[in-house]
Amino acid sequence: MQLPPELSDFVRGALNKGMTRAQISSCLASSDWTPLEIETALEAWDYSATAGAVPRPQRATSAWEALFYALLFAALGMVVANSLTLQHGLITLWVPEHGDSYSSYGLGQLRWSMAALIIFAPVFHWLHHKDARATGTNPAQKHGTIRRWLSALAVFAAAMTLLCTAIYVIYRFLDGDMTARFIAKSGSVTLMACVVLLYFRQDRLTAGHWDTLAPNWLVTGIAALTLALSFWSVGGPAQGRMEHRDSLRLSDLQQLQRDVAACMERTDTAPSELDLPEALDPMTCARNPHQLTGYAAEITYERLGPRRFQLCTTVEDPQKLRLYNGTLQGDRLCIERKL
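Here is a short report on the structure shown in this document. (Residues numbered from 1 in each chain as written. Predicted model: local features only at pLDDT ≥ 70, side-chain atom pairs only at ≥ 80, totals over all residues. Heavy atoms only, no water.)

1. A short note on the pairing of strand β6 (residues 332-338)
Relative to β6, strand β4 (residues 308-314) runs antiparallel, the two being bridged by seven bridges. Note that in β6 the partner of F309 across the bridge is R337. The hairpin turn running from strand β5 (residues 327-329) into β6, its antiparallel successor, is two residues long, and G330 in that turn takes a positive phi close to 70°. (Pairing = 2+ DSSP bridges. Helix = DSSP H or I, 4+ residues; strand = E, 2+ residues; numbered from the N terminus.)

2. Remarks on the nonpolar core
For soluble globular proteins, the rule of thumb is that nonpolar side chains tend to be buried together. Core analysis: the biggest nonpolar cluster contains 29 residues, and L72, L76, V79, F124 and F200 have the highest contact counts within it. Broken down by secondary-structure element, the contributors of at least two residues to this core are α4 (62-94), α5 (111-137), α6 (145-174), α7 (180-201) and α8 (215-234). When residues no more than four places from it in sequence are discounted, the contact partners of V79 are L117, F120, A121, F124, V219 and A223. L256, A261, I299 and F309 belong to the second largest nonpolar core, which has 21 residues in total. (Core = buried A, V, L, I, M, F, W, Y, C linked by side-chain atoms within 4.5 Å. Buried < 20%, exposed > 50% of the residue type's maximum accessible area, 1.4 Å probe, protein only. Contact = heavy atoms within 4.5 Å.)

3. A closer look at the packing of aromatic side chains
Pairs of aromatic rings are described using the distance from one ring centre to the other and the angle between the two planes. Per the stated rule, a full pass over the model turns up nine aromatic pairs. Between F68 and Y69, the ring centres sit 5.2 Å apart and the planes meet at 80°, which makes this aromatic pair edge-to-face. The pair formed by F68 and Y69 is uniform in burial state, with each residue classed as buried. Arranged with centres 6.1 Å apart and planes meeting at 20°, the rings of Y168 and Y171 form a pair that is stacked. One end of the pair, Y168, and the other, Y171, are both in helix α6, three residues apart, so they sit about a helical turn from each other. Taken together, F68, Y69, F73, F124, Y199 and F200 form an aromatic cluster joined through their ring pairs. Here R172 stacks its cationic end above the ring of F182, 4.1 Å away from the centre of that ring. For the cation-ring pair, R249 lies above Y295, with the distance from its terminal atom to the ring centre recorded as 4.4 Å. (Phe/Tyr/Trp six-rings, centres within 6.5 Å; stacked < 30°, edge-to-face > 60°. Lys NZ or Arg CZ within 6 Å of the ring centre and 35° of its normal.)

4. Here we look at the state of the cysteines
Under the defined criterion, the tally for this structure stands at one disulfide. Between the sulfur atoms of C312 and its disulfide partner C334 the distance amounts to 2.0 Å. Its S-S torsion of approximately 110° makes the covalent link between C312 and C334 right-handed. Taken together, the positions of C312 in strand β4 and C334 in strand β6 put the pair 22 residues apart, joining distant regions of the chain. The class of C312 is buried, set by a relative accessible area of 2%. Given a relative accessible area of 2%, C334 falls into the buried group. (Disulfide = S-S within 2.5 Å.)

5. Things to note about the environment of C312
Along the primary structure C312 and I335 are separated by 23 residues, whereas in three dimensions their C-alpha atoms are 6.5 Å apart. If we ignore the near neighbours within four places in the chain, the residues touching C312 are L253, E298, I299, T300, R332, L333 and C334.

6. Considering the pattern of salt bridges
All chains considered together, the criterion is met by nine salt bridges. Two residues, D9 and R12, come together in a salt bridge whose shortest N-O distance is 3.7 Å. Placement of the pair is D9 and R12 together in helix α1 (residues 5-16), with a separation of three residues, close to one helical turn. Residue classification places R12 among the partly exposed residues on the basis of a relative accessible area of 37%. The network of salt bridges with shared partners includes R245, D246, R249, E298 and E316. (Salt bridge = Lys/Arg side-chain N within 4 Å of Asp/Glu carboxyl O.)

7. Brief notes about unusual backbone geometry
One non-glycine residue, D32, lies in positive phi territory at about 75°. Mapping D32 onto the fold places it in the loop between α2 (21-30) and α3 (35-43).

8. Re the pairing of β4
The element β4 is largely enclosed, with a buried count of five among its seven residues. Alignment of strand β3 (residues 300-305) against β4, held across five bridges, turns out to be antiparallel. Bridge pairing in β4 links G305 to R308. The loop that links β3 with its antiparallel partner β4 comprises two residues.

9. Notes on α3
Among the residues of α3, E37, I38, T40, A41 and L42 are the ones counted as buried. Contact partners of the buried residues in α3: α1, α2 and β1 (45-48).

10. Quick notes on the sheet that holds β5
A sheet is described by the order of its strands in space; here four strands give the open sequence β3-β4-β6-β5, paired in antiparallel fashion. The open sheet has two free edges, formed respectively by β3 and β5, since each of these has just one partner strand. Each adjacent strand pair in this sheet contributes to an overall mean axis angle of 30°, direction not counted. (Axes fitted to C-alpha atoms, helices over the stretch in contact; angles between N-to-C directions.)

Structural data, given as structure tokens:
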């Protein structure tokens, strides 16, 4: 551990004055230095009758300490940020608003945050317990310079988040734009900011029940609950594969309707005399069949008029499809085209 300069100077001066190590230890203990700090300070100096206090080699550990706490606080930040992302996505789904175009298809985008939580929540929990064991052995480690600076930055970010959230809530209230969804999302941000403040509050308290109160369990508990609700709403790997297959079907459908339209318009018939066939295999008009998937063979053609047609296919989960120019009839997806 890195010794405060004043402690090292005191031990050197005391040794040069002829004080024994036991006397020095007693003096330091009466001034609230921890046993590990006292032992480390005494081991940093040797004493020679001719030369007085002689320094022993010290191996710096500040770089590794900085790496450890950077990982710990980065893991905490990833857990908090991705928990918020998932919470806001779920709130958007569960608290609909008039004219809202968001639907369940948007939840597929939340799987990145789900993956991040699966990785970083256990990493944060493990790093926290490693730090708790280290500070249990050496309470002075809680007051290290690197830890204090990183903690202060985290508390500053959480405090500013709370203040900015309060400002925005008041603004929306004054603007007459308070909605249930906005209130729920603001509450989510406030909750996570308070959790961060609670987590770092233990660093400023003396030893006692706060050392074992485990705000880290609150962080990981909220992350686990959010992750479970996300799995329930978004679905797991099977749901993801289903959505991917439907996405391929939609891509093939969009490509084939352009190809069929181009195929019909290349005929020698004048536009005013153009009459679409009653039956057609869409694959015969495919310009780049190698770019299509096997699902293209399931696409069917239907003539709607002399110059109108539609292509249709069956999808597995129509609620998760993001449509721009198609229509859904149950599990049947169709795209209409006019020549």
